[in-house]
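Take a look at the letters that make up each chain.
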Amino acid sequence: MSNQDPRRSLPLREDDCAVPLVREPVGSAAATELSAAFKALGDPVRLRLLSLIASRDGGEACVCELTDSFDLSAPTISHHLRVLREAGLVGSERRGTWVHYRAEPTLLRRLSELLAVPAAGSVA
């Protein structure tokens, strides 16, 4: 049985990166899987889009609320949102004529845990 969530491109294997990389090297499979999320966040527009979505009440925003924040065309914003969705950083749901995006906390938590640096003196 697969542990793949059909809404995202990354398998849900939190144990692959539960330990910060400053404590032990990240495994090859986890590095490959998580690099897609980091790559998606490497674009300033996508990083800002994710921040706008995640910082909203409930961690969700309508695409109509996002487009005014940028001096970009709607198709360009849609492209960036698709990249974030395919990387597993946001999920989406169509409600009538609008698409609502939500931050995916599981993957954000995995990325955060991977990059966590323990307080001074607690590195094993």
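Further up the page is the structure itself.
Scoring rules and cut-offs
- Residues numbered from 1 in each chain as written.
- Predicted model: local features only at pLDDT ≥ 70, side-chain atom pairs only at ≥ 80, totals over all residues.
- Heavy atoms only, no water.
- Axes fitted to C-alpha atoms, helices over the stretch in contact; angles between N-to-C directions.
- Helix = DSSP H or I, 4+ residues; strand = E, 2+ residues; numbered from the N terminus.
- Parallel < 35°, antiparallel > 145°, perpendicular 65-115°, else oblique.
- Contact = heavy atoms within 4.5 Å.
- Nonpolar A, V, L, I, M, F, W, Y, C, P; charged D, E, K, R; others polar.
- Buried < 20%, exposed > 50% of the residue type's maximum accessible area, 1.4 Å probe, protein only.
- Lys, Arg positive; Asp, Glu negative; His and termini not counted.
- Salt bridge = Lys/Arg side-chain N within 4 Å of Asp/Glu carboxyl O.
- Pairing = 2+ DSSP bridges.
- Patch = residues over 30% accessible without salt bridge, like charges linked within 9 Å, V, L, I, M, F, W, Y side chains within 5 Å.
- Areas by Shrake-Rupley, 256 points an atom, 1.4 Å probe, with all protein chains shown as cover.
- Arc of directions from axis to C-beta.

1. Focus on the packing of helix α1 (residues 28–41) against helix α5 (residues 105–115)
Two elements in contact, α1 and α5, have axes separated by 11 Å at closest approach and are oriented at 95°. Of the possible angle classes, the one that applies to α1 and α5 is roughly perpendicular. Between α1 and α5, the contacting residues are Glu 33, Leu 34, Ala 37, Phe 38 and Leu 41 on the first element and Leu 107, Arg 110, Leu 111, Leu 114 and Leu 115 on the second. Looking at side-chain class alone, the contact of α1 with α5 contains eight nonpolar, no polar and two charged residues.

2. Notes on the side chain of Arg 46
In this structure, Arg 46 sits in helix α2 (residues 44–54). Of the side chains with opposite charge, Asp 43 lies nearest to the buried Arg 46, which makes no salt bridge, at 4.2 Å. Beyond its immediate sequence surroundings of up to four residues, Arg 46 is in contact with Lys 39, Ala 40, His 79, His 80, Val 83 and Leu 84.

3. Let's talk about the sheet that holds strand β3 (residues 98–103)
Strand order in the open sheet formed by three strands is β1-β3-β2, and the pairing between neighbours is antiparallel. Because the sheet does not close on itself, it has two edges, and the strands there are β1 (60–62) and β2 (90–95). Geometrically, the sheet is characterised by an average inter-axis angle of 25° between neighbouring strands, direction not taken into account. Contacts from helix α4 (residues 74–86) reach β2 and β3, with the element oriented near 120° to β2.

4. Quick notes on a nonpolar patch on the surface
Among the surface-exposed residues, Leu 21, Val 22, Val 26, Phe 38, Leu 115 and Val 117 lie close enough to one another that they form a single nonpolar patch of about 490 Å² accessible area. Along the chain, Leu 115 turns up in helix α5.

5. Notes on α2
Listed as buried for α2 are Val 45, Arg 46, Leu 49, Leu 50 and Ile 53. With its buried residues spanning 135° around the axis, α2 presents them on a single face.

6. Considerations on the pairing of β2
Two faces make up the sheet, and in a regular strand the side chains alternate between them. The sheet contact formed by β2 and β3 spans six bridges and is antiparallel. Bridge assignment links Gly 91 to a residue of β3, and that residue is Arg 102. Where β2 hands over to β3, the hairpin turn is made up of two residues, of which Gly 96 adopts a positive phi near 70°.

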